[in-house]
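Examination of the molecular architecture
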Amino acid sequence: MQIKHYFFFLILLGLVSCSEKYKLEVDTFSEMDGEFIGTNVLSFDLKATTREEAIKEAKSTCHMLFIMYESAHKSGSYASQPTAATIYNKDRDIVEYIDLDSEDIKPTREVVIDSAKIEILKSRFEFKKDEFSTTGATWIRPKSAPKYINRNGIFCYFKKAENEIGDLRLQIQYHADNWLFIKKYGFSIDGDAYEFTPKKVETDSGYGGKIWEWVDIPVTNQNLKNIVNALSKAKTVKIKFYGTQYYDVRTVTSKEIQSIFDTIELYKAMGGEFEI
């Protein structure tokens, strides 16, 4: 009887040792507040013992990673977007490349296009196609926005590719005789105070000793969404540029306010999501 149990144990051991082990590795693009941080590789030991089960489990894992990314991205917190996924066996042979664009992996939302509103608004914008983009990207920005970086201005813009629309972006430009080395932006919008501190403000200088400082940031976290939404509906706006030692204040024009409103309206009409 004991001999039978012993042989039965050996058979089970043989089956376990012969079963395949699979690993999923997912390349990711990491960001914080919509700003690039770096790349990373996430590794998962799959429970599956067959190739078919491994593919199914890997797809489910990738789907959950996309859901987690979308949630983190919308809140402006640390987010990792899957960019590639590969299943390996225990010998590090490639078993399968996972198609991350397939409908059963990448979450989709219903996109509503308002063609009538697009027709009304499009004459107020420039549509500049990126000739080097492999996804047919077009940058859309208001005609009233400064054409050069060495001008004062505030505006929103966005990118539209073949199958998706990018984040709404906010650009603020400061042009003057003396450096501020801006650290923070404050707003007085119809008497209500707002502020945000970017991770980085770009700087440059040119002919005649003029300087310019600017920030170009995706409107992804809730604070920035609140600011941009308030700007788009405002009657009076002042912006305060906080430097390392000094500050400057300027009034946002009604033309700039209207431009931000129009950009949000066009963004939503073309399928963009802007929820407050």
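The structure under discussion appears in the preceding block.
Residues numbered from 1 in each chain as written. Predicted model: local features only at pLDDT ≥ 70, side-chain atom pairs only at ≥ 80, totals over all residues. Heavy atoms only, no water.

A separate point is the environment of Glu 52. Examined against the element boundaries, Glu 52 turns out to sit in helix H2 (residues 51–75). The exposure class assigned to Glu 52 is exposed, which follows from its relative accessible area of 55%. For the pair Glu 52 and Ile 260, spaced 208 residues apart in the sequence, the C-alpha separation amounts to 50 Å. (Helix = DSSP H or I, 4+ residues; strand = E, 2+ residues; numbered from the N terminus. Buried < 20%, exposed > 50% of the residue type's maximum accessible area, 1.4 Å probe, protein only.)

Before going further, it helps to examine the sheet that holds strand E2 (residues 35–46). If you trace the four strands from one edge of the open sheet to the other, you get E2-E1-E3-E4, paired in antiparallel fashion. With partners counted over all chains shown, the strands left at the sheet margins are E2 and strand E4 (94–98), one partner each. Between one strand axis and the next, the sheet turns through 20 degrees on average, direction left out of account. In terms of strand pairing, strand E3 (residues 79–89) meets E4 through four bridges, oriented antiparallel. Of the residues in E4, the one forming a bridge with Thr 86 is Tyr 97. (Pairing = 2+ DSSP bridges. Axes fitted to C-alpha atoms, helices over the stretch in contact; angles between N-to-C directions.)

One non-glycine residue, Arg 92, adopts positive backbone phi at about 65 degrees. Tracing the chain through its elements places Arg 92 in the loop between E3 and E4. Positive phi values are uncommon outside glycine, yet Asp 190 reaches one of about 50 degrees. Residue placement: Asp 190 occurs in the loop between strand E9 (184–189) and strand E10 (192–196).

Right, let's talk about the nonpolar core for a bit. The biggest cluster of nonpolar side chains holds 42 residues, and the ones touching the most others in it are Leu 170, Ile 172, Tyr 185, Phe 187, Phe 196 and Val 228. Setting aside its immediate chain neighbours within four residues, Leu 170 contacts Ile 154, Phe 155, Cys 156, Phe 196, Val 215, Asp 216, Ile 217, Val 219, Leu 224 and Val 228. Grouped together as the second largest cluster of nonpolar side chains are 17 residues, Ile 55, Ala 58, Leu 65 and Leu 100 included. (Core = buried A, V, L, I, M, F, W, Y, C linked by side-chain atoms within 4.5 Å. Contact = heavy atoms within 4.5 Å.)

Once that is clear, we can look at the sheet that holds strand E11 (residues 202–205). Taken in spatial order, the six strands of this open sheet run E5-E6-E7-E8-E12-E11, and their pairing is antiparallel. Edge strands, defined here as strands with exactly one partner in the open sheet, are strand E5 (125–129) and E11. For this sheet, the mean angle separating the axes of adjacent strands, direction not counted, is 25 degrees. Taken together, the three bridges between strand E6 (residues 138–142) and strand E7 (residues 153–160) define a ladder with antiparallel strand orientation. The partner of Ile 140 across the bridge, within E7, is Phe 158. On top of the sheet, helix H5 (residues 254–269) reaches E5, E6 and E7; it is set at about 15 degrees to E7, its chief contact.

What follows is about the packing of helix H4 (residues 222–232) against H5. Axis separation between H4 and H5 bottoms out at 8 Å; the angle between their running directions is 115 degrees. Seen along the crossing, H4 lies across H5 with a hand that is left-handed. When H4 is examined against H5, the residues Val 228, Leu 231 and Ser 232 are found in contact with a partner set consisting of Ile 257, Ile 260, Phe 261 and Ile 264. Across the contact of H4 with H5, the residue classes break down as six nonpolar, one polar and no charged. (Left-handed = near helix turned anticlockwise from the far one by under 90°. Nonpolar A, V, L, I, M, F, W, Y, C, P; charged D, E, K, R; others polar.)

When the terminal C-alpha atoms of H2 are compared, their 37 Å separation across 25 residues agrees well with the 36 Å that a helix rising 1.5 Å per residue should span. All of the buried residues in H2 are Ala 54, Ile 55, Ala 58, Thr 61, Cys 62, Leu 65, Phe 66, Tyr 69, Ala 72 and His 73. Where H2 is buried, its residues touch strand E1 (22–32), E2, E3 and E4. Gly 76 occupies a position one or two residues after H2 and carries a positive phi of about 80 degrees. (Expected span 1.5 Å × (residues − 1).)

On to the pairing of strand E14 (residues 247–252). Alignment of strand E13 (residues 237–242) against E14, held across six bridges, turns out to be antiparallel. Across the sheet, Tyr 242 pairs through a bridge with Tyr 247, a residue of E14. The turn linking E13 back onto E14 is made up of four residues.

Turning to the packing of aromatic side chains, a few remarks are in order. In this structure the tally under the stated criterion is eight aromatic pairs. Geometrically, the ring pair formed by Trp 179 and Phe 181 is stacked, given 5.1 Å between the ring centres and 15 degrees between the ring planes. For Phe 181, a relative accessible area of 41% gives the class partly exposed. For the pair Tyr 185 and Phe 241, a centre-to-centre distance of 5.8 Å together with 75 degrees between the ring planes defines the contact as edge-to-face. Of this pair, Tyr 185 sits in strand E9 while Phe 241 sits in strand E13; the two residues are 56 residues apart in sequence, bridging distant segments of the chain. By relative accessible area, which is 1% here, Phe 241 ends up buried. Grouped by ring-pair contacts, the aromatic residues Tyr 174, Tyr 185, Phe 187, Phe 196 and Phe 241 constitute a single cluster. Its end group placed over the ring of Tyr 242, Lys 184 keeps NZ or CZ at 4.6 Å from the ring centre. (Phe/Tyr/Trp six-rings, centres within 6.5 Å; stacked < 30°, edge-to-face > 60°. Lys NZ or Arg CZ within 6 Å of the ring centre and 35° of its normal.)

These figures capture arrangement, not role.
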